[in-house]
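Examining the three-dimensional arrangement
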Amino acid sequence: MSESFLFPEQLGAYYARVAVREFPLLTRLREETAKLPSAGMQIAAEEGQFLDLLIRLIGARRCVEVGVFTGYSSLVTALALPADGFLLACDINPQTTAIARRYWAEAGVADRVRLELAPAVQTLDAELAKGEGHYDFAFIDADKTGYLDYYERCLRLLRPGGLIAVDNTLWSGSVADPRQRDPDTQAIRAFNDHVRADQRVDFCLVPIADGVTLARKR
Ligand SMILES: C[S@@+](CC[C@H](N)C(=O)[O-])C[C@H]1O[C@@H](n2cnc3c(N)ncnc32)[C@H](O)[C@@H]1O
């Protein structure tokens, strides 16, 4: 577990010890990613475990992910899917996603993942052109100013009862600090207000890792 702004130090250490049971290949991916300057973009181990549980709980077969980076959350997703499951993985970075591809292959799940290297709005719109309501689960974890665009598209892609998980919705606490007026913080505040008012979904902002908002399509 990375250091958390949500826990006092002692409880954080206890939580890290008892709450996380990480698949060895995911640990290796975390260690490899830690060497990159952008390592902070990777989701926390406890969040990966949470996503794994959600995907299994809803029996998801078709998933979409916006923001792959080196592949931690996509590997979690692909491993949680049944053998005939499918993940549409969206990113724009060929270098970091080359690492992801390597881990999907090593885990034996590469055939479940289709990586699209293009702005995610473009990929999601192309998918929507094929039809709506044919996905079970979506994970949004890319540029924060795009969150509303991704959420609206993913909602249309989901079946009723499908689930969207959105990362970083507490943004290390910046969202609660009125002095923080940067575009990312503002975008996350706008996103949080939007979901709370959205009667098309049941929702919960779960204070795990950097905040994960769950929205279930009604
Ligand atoms: C926070 S990282 C994702 C972390 C990843 N979920 C993980 O578990 O390691 C955000 C990713 O979003 C990608 N990204 C940024 N803008 C994007 C866009 N317009 N379309 C698709 N991906 C984008 C970045 O290239 C980066 O890899």
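The present account deals with the structure reproduced in this document. (Residues numbered from 1 in each chain as written. Predicted model: local features only at pLDDT ≥ 70, side-chain atom pairs only at ≥ 80, totals over all residues. Heavy atoms only, no water.)

**Digging into the overall build of the protein**
Just so we agree on the cut-off: Each helix is a run of DSSP H or I of at least 4 residues and each strand a run of E of at least 2, with the numbering of both proceeding from the N terminus. Each radius of gyration reported is based on C-alpha atoms, and the globular scaling rule is 2.2 Å times the count of residues to the power 0.38. Under the scheme applied here, a residue whose accessible area is under 20% of the maximum for its type counts as buried, over 50% as exposed, and between as partly exposed, the area being computed with a 1.4 Å probe on protein chains only. Residue contacts are counted whenever heavy atoms from the two residues lie within 4.5 Å of one another. To be clear on the numbers: accessible area is Shrake-Rupley with a 1.4 Å probe, and residue cover counts the displayed protein chains and nothing else. Under the convention used here, Asp and Glu are negative, Lys and Arg are positive, and both His and the chain ends fall outside the count. By convention, the charge on Lys lies at NZ, on Arg at CZ, on Asp at CG and on Glu at CD.
Across its full length, the protein holds 8 helices and 7 strands. For 218 residues, the compact-globule estimate of 2.2 N^0.38 gives 17 Å, and the C-alpha radius of gyration of the protein, at 16 Å, lies within 12% of that figure. In terms of overall dimensions, the protein has a C-alpha envelope of 50 × 40 × 30 Å along the principal axes. Buried residues in the protein amount to 50% of all 218 residues. Contacts in the protein between residues far apart in sequence, at least 24 positions, make up 68% of those at least 6 positions apart. By element, 55% of the accessible surface of the protein is carried by carbon and sulfur atoms, the whole surface being about 10,500 Å². Taking the average place of the 25 positive charges on the side chains of the protein and the average place of its 30 negative ones, the gap between the two points comes to 4 Å.

**Concerning the packing of helix H6 (residues 120–130) against helix H7 (residues 147–157)**
Cut-off, in case you're wondering: Between N-to-C directions, angles cover 0 to 180 degrees, with each direction set by a line fitted to C-alpha atoms, over the stretch in contact for helices. Reported orientations rely on four angle classes, namely roughly parallel under 35 degrees, roughly antiparallel over 145, roughly perpendicular from 65 to 115, and oblique for the rest. Two helices crossing with the near one rotated counterclockwise from the far one by less than a right angle form a left-handed crossing, whereas a clockwise rotation gives a right-handed crossing.
Relative to each other, H6 and H7 sit at 20 degrees, their axes nearing to 10 Å. Between H6 and H7, the interaxial angle falls into the category roughly parallel. Two packed elements cross with a definite hand, and for H6 against H7 that hand is left-handed. Contacts between H6 and H7 involve Ala 120, Val 121, Leu 124, Asp 125, Glu 127 and Leu 128 from the former and Asp 149, Tyr 150, Arg 153, Cys 154, Arg 156 and Leu 157 from the latter.

**A closer look at the packing of aromatic side chains**
Keep this limit in mind: Here the aromatic set is Phe, Tyr and Trp, taking the six-membered ring for Trp, and pairing holds for ring centres within 6.5 Å; pairs whose planes are under 30 degrees apart are stacked, those over 60 apart are edge-to-face, and all others are tilted.
A full pass over the atoms with the stated rule returns 4 aromatic pairs. On the numbers, 6.5 Å between centres and 45 degrees between planes, the contact of Phe 86 with Tyr 135 is tilted. One end of the pair, Phe 86, is in strand S2 (residues 86–91); the other, Tyr 135, is in strand S4 (residues 135–140), with 49 residues separating them in the sequence. Classification of Phe 86 as buried rests on a relative accessible area of 17%. Note on Tyr 147 and Phe 191: the rings are 5.7 Å apart at their centroids and 80 degrees apart in plane angle, and the pair reads as edge-to-face. With Tyr 147 in helix H7 and Phe 191 in helix H8 (residues 183–197), this pair connects stretches of sequence that are 44 residues apart. Its relative accessible area of 0% is what places Phe 191 among the buried residues. Cluster of aromatic residues (ring-pair linked, three or more members): Tyr 147, Tyr 151 and Phe 191.

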